[in-house]
Amino acid sequence: MITCSVSEQLRITEIFYSLQGETSRVGLPTVFVRLTGCPLRCSYCDTTYAFSGGQNMTVAGILSEVARYHTRYVTVTGGEPLAQKNSLPLLSALCDAGYEVSLETSGALDVSSVDVRVMKILDIKTPASGEVKKNLWSNLAALHAHDEIKFVLCDESDYIWAKQVLRERDLADKCTVLFSPVQDRLSPTVLADWILRDSLPVRLQVQLHKLLWGSQQGK
């Protein structure tokens, strides 16, 4: 477990309260802590505004802001949260404060030091993302049953590739696997039909927050 000093700082793009739009916790009121910066440039990225800017906040300041909202769920996201070393003590501090914490990470950086109490949402980058070579496959060994693996799919080629990875690496035996279509590039209905046709042991995920609020920042 990471020892935390509440005076340690992180670069924060935004902290906001919304419904969880993804993962098995979809629909739950959640506080999102979005960290600034990301070493990847995925073709479908919808949070490019988090690549730079933001403001420095201490762990204590982040905890204080999160506490303004009366919910047990907190998601640390980005950008890529693990690109900031102090994301690890922040995650532990949130767990210590009694929150159910999830981490959204690209899968390109080592997750082995993440607090075991945290639910890791690990992306596996597909060919059409433009960042498939960044996948750190050793991360799969650090996953627990309460973690989740996510494939964001752009087209049928991505689907075929993801299906192969799913089977070759026995991903469904490790944890929940999510297949998510890129908005306006792959129809959720088409993806659903493929999943049913192939009897895949995965969960179809659509982005609830975009259905409710479009691409509005802070939602």
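Residues numbered from 1 in each chain as written. Predicted model: local features only at pLDDT ≥ 70, side-chain atom pairs only at ≥ 80, totals over all residues. Heavy atoms only, no water.

**Student:** Got a sec to walk through the sheet that holds strand β4 (residues 73–77)? Specific residues and values, please.
**Tutor:** Read across the sheet, nine strands follow the order β3-β1-β2-β4-β5-β6-β7-β8-β9 without closing on themselves; strand pairing throughout is mixed. The open sheet has two edge strands with one neighbour each: β3 (55–58) and β9 (203–204). Where strand β7 (residues 148–153) and strand β8 (residues 176–181) come together, six bridges link them in parallel fashion. Each bridged residue has a counterpart across the sheet, and for phenylalanine 151 the counterpart in β8 is phenylalanine 179. (Pairing = 2+ DSSP bridges. Helix = DSSP H or I, 4+ residues; strand = E, 2+ residues; numbered from the N terminus.)

**Student:** Requested: an account of the nonpolar core, with residues and values cited.
**Tutor:** Within the largest apolar cluster, 49 residues are counted, with the highest numbers of intra-cluster contacts made by Val33, Phe151 and Phe179. Setting aside anything within four residues of it in sequence, one finds phenylalanine 151 in contact with Ile124, Thr126, Trp161, Ala162, Val165, Leu171, Val177, Leu178, Phe179 and Ser180. Counting eight residues, the second-largest nonpolar core is a separate cluster that includes Cys38, Tyr44, Val152 and Cys154. (Core = buried A, V, L, I, M, F, W, Y, C linked by side-chain atoms within 4.5 Å. Buried < 20%, exposed > 50% of the residue type's maximum accessible area, 1.4 Å probe, protein only. Contact = heavy atoms within 4.5 Å.)

**Student:** Any details on the pairing of strand β6 (residues 119–123)? Residues and values, ideally.
**Tutor:** When you tally the buried positions in β6, you get five out of five residues, the bulk of the element. In terms of strand pairing, strand β5 (residues 100–105) meets β6 through four bridges, oriented parallel. Counterpart to serine 102 in the pairing with β6 is methionine 119. Taken together, the three bridges between β6 and β7 define a ladder with parallel strand orientation. Across the sheet, aspartate 123 pairs through a bridge with lysine 150, a residue of β7.

**Student:** So what's going on with the pairing of strand β2 (residues 29–35)? Residues and values would help.
**Tutor:** With respect to burial, β2 is a largely interior element, six of its seven residues being buried. As defined by bridge partners, strand β1 (residues 9–19) adjoins β2 across seven bridges and the pair is classed as antiparallel. Considered in β2, the bridge of isoleucine 12 is made with leucine 35. Examined bridge by bridge, β2 and β4 share five bridges and lie parallel to one another. Residue pairing in the sheet places valine 31 in a bridge with valine 74 of β4.

**Student:** So what's going on with the side chain of aspartate 147? Which residues, and what values?
**Tutor:** Position of aspartate 147 relative to the elements: it lies in the loop between β6 and β7. Of the polar contacts made by the side chain of aspartate 147, one reaches the backbone nitrogen of histidine 144; its length is 2.7 Å. Those residues in contact with aspartate 147 that lie beyond four places of it in its chain are Val118, Met119, Lys120, Ala142, Cys175 and Thr176. (Polar contact = N/O pair within 3.5 Å; in protein donor to acceptor, adjacent residues only side chain to side chain.)

Distances and angles like these do not, on their own, reveal function.
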